[in-house]
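Spelled out, the chains give:
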Amino acid sequence: MFNDIGPLELVTLIVLAVLVFGPDKLPKVIQDVMRTIRKIREFSESAKQDIRQELGPEFKDFEFEDLNPKTFIRKQLDNDDLGLKEIRNTFDLKKEMAEVTDAVHGRDTDSSPASASSTSSSSGSRVDMTKKPEPADTRPPFDADAT
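Just so it is clear, the model here is predicted, and its values are computed rather than measured.

Asks: Pulling in residues and values, what's your account of the overall build of the chain?
Replies: A tally of helices and strands in the chain yields 6 helices and 0 strands. The order of α-helices and β-strands along the chain, N terminus first, is α-α-α-α-α-α. Going through the 147 residues of the chain one by one, you find that 7% of them count as buried. Summed over all atoms, the accessible surface of the chain reaches about 13800 Å², with 60% contributed by carbon and sulfur.

Asks: Tell me about helix α1 (residues 7-21), and please be specific about residues and values.
Replies: For an α-helix, 3.6 residues make a turn, and residues three or four places apart therefore share a direction. Relative to the 21 Å expected for 15 residues at 1.5 Å per residue, α1 spans 21 Å between its end C-alpha atoms, a close match to the ideal helical length. At the exit of α1 stands G22, carrying a positive phi of roughly 85°.

Asks: Could you give an account of helix α5 (residues 93-105), with specific residues and numbers?
Replies: With 13 residues, α5 should reach 18 Å at 1.5 Å per residue; the first-to-last C-alpha distance of 18 Å fits that figure. In the stretch just after α5, G106 is the one whose phi turns positive, near 80°.

Asks: I'd like a rundown of the confidence of the model for the chain, residues and numbers included.
Replies: On average, residues of the chain carry a pLDDT of 77, and 71% of them reach 70 or more. Ranking the elements of the chain by mean pLDDT puts helix α6 (residues 113-121) last with 44 and helix α2 (residues 26-55) first with 92. Confidence drops under pLDDT 50 across residues 111-124; counting only partners more than four residues distant or on other chains, this segment forms 7 contacts.

Asks: Could you give an account of the pattern of salt bridges, with specific residues and numbers?
Replies: Scanning the entire structure with this criterion turns up 3 salt bridges. E63 is the salt-bridge partner of R52, the closest N and O atoms lying 3.7 Å from each other. Here the residue R52 occupies a position in helix α2, and E63 occupies one in the loop between α2 and α3 (69-78), the gap between them amounting to 11 residues. Each of K28, D32 and R35 takes part in one network of salt bridges that share partners.

Asks: Can you explain a nonpolar patch on the surface? Please cite residues and give values.
Replies: The grouping of L13, L16, V20 and F21 at the surface amounts to a nonpolar patch, some 380 Å² of accessible area in total. Looking at the secondary structure, you find V20 in helix α1. Overall, the relative accessible area of 57% leaves V20 in the exposed class.

Analysis parameters
Residue positions within a chain follow its written sequence, with the count starting from 1. Restriction of local features to residues with pLDDT of at least 70 applies here, the model being predicted, together with a cutoff of 80 or more for giving and counting side-chain atom pairs; totals for whole chains, interfaces and linings are based on all residues. Calculation of side-chain values draws on the structure's entire complement of heavy atoms; hydrogens and water are dropped beforehand. Helix and strand labels come from DSSP, where a helix needs a run of H or I of at least four residues and a strand needs a run of E of at least two; each type is numbered from the N terminus. Exposure classes here rest on a 1.4 Å probe applied to the protein chains alone. A residue is buried below 20% of its type maximum, exposed above 50%, and partly exposed in between. All accessibility values rest on the Shrake-Rupley procedure with a 1.4 Å probe; residue burial counts only the protein chains present in the view. A helix is expected to span 1.5 Å multiplied by its residue count minus one. The quantity known as pLDDT measures the predictor's confidence residue by residue, on a range of 0 to 100. Residue contacts are counted whenever heavy atoms from the two residues lie within 4.5 Å of one another. Salt bridges are counted wherever a side-chain nitrogen of Lys or Arg sits within 4 Å of a carboxyl oxygen of Asp or Glu. Every patch collects residues that have over 30% relative accessible area and no salt bridge, joining them within 9 Å if they carry like charges and within 5 Å if they are nonpolar side chains (Val, Leu, Ile, Met, Phe, Trp, Tyr).

Here is the structure:
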């Protein structure tokens, strides 16, 4: 809870508390704050127990930490029922990116013979993606039954 408070900040808080409450009232204020924190924790734990009892035995492995979206997603991704570990282990990002780069630059790749035939016709030159391909037949289609 207070992991991000440094020693200088802690000393500043203590000095500020002594100035605001005074040295004679400070122990009483600390006791009241600690008692309130304990009561809140007890209330929270009893509410969790009540919820677990009301859910029944089907939800015996239910954890409230699973309601955090990060924890829920991490738990679901680590679940091996979906086979995601196999996919993650077989997927090689560098190889996939190299294939995409080769396809964009028009280089011949070993893994795709269809792209090799299309790139050989372009003779290895850069492909202009802004030009529209010219149609082979410029005449409009003719329908003999329509006339």
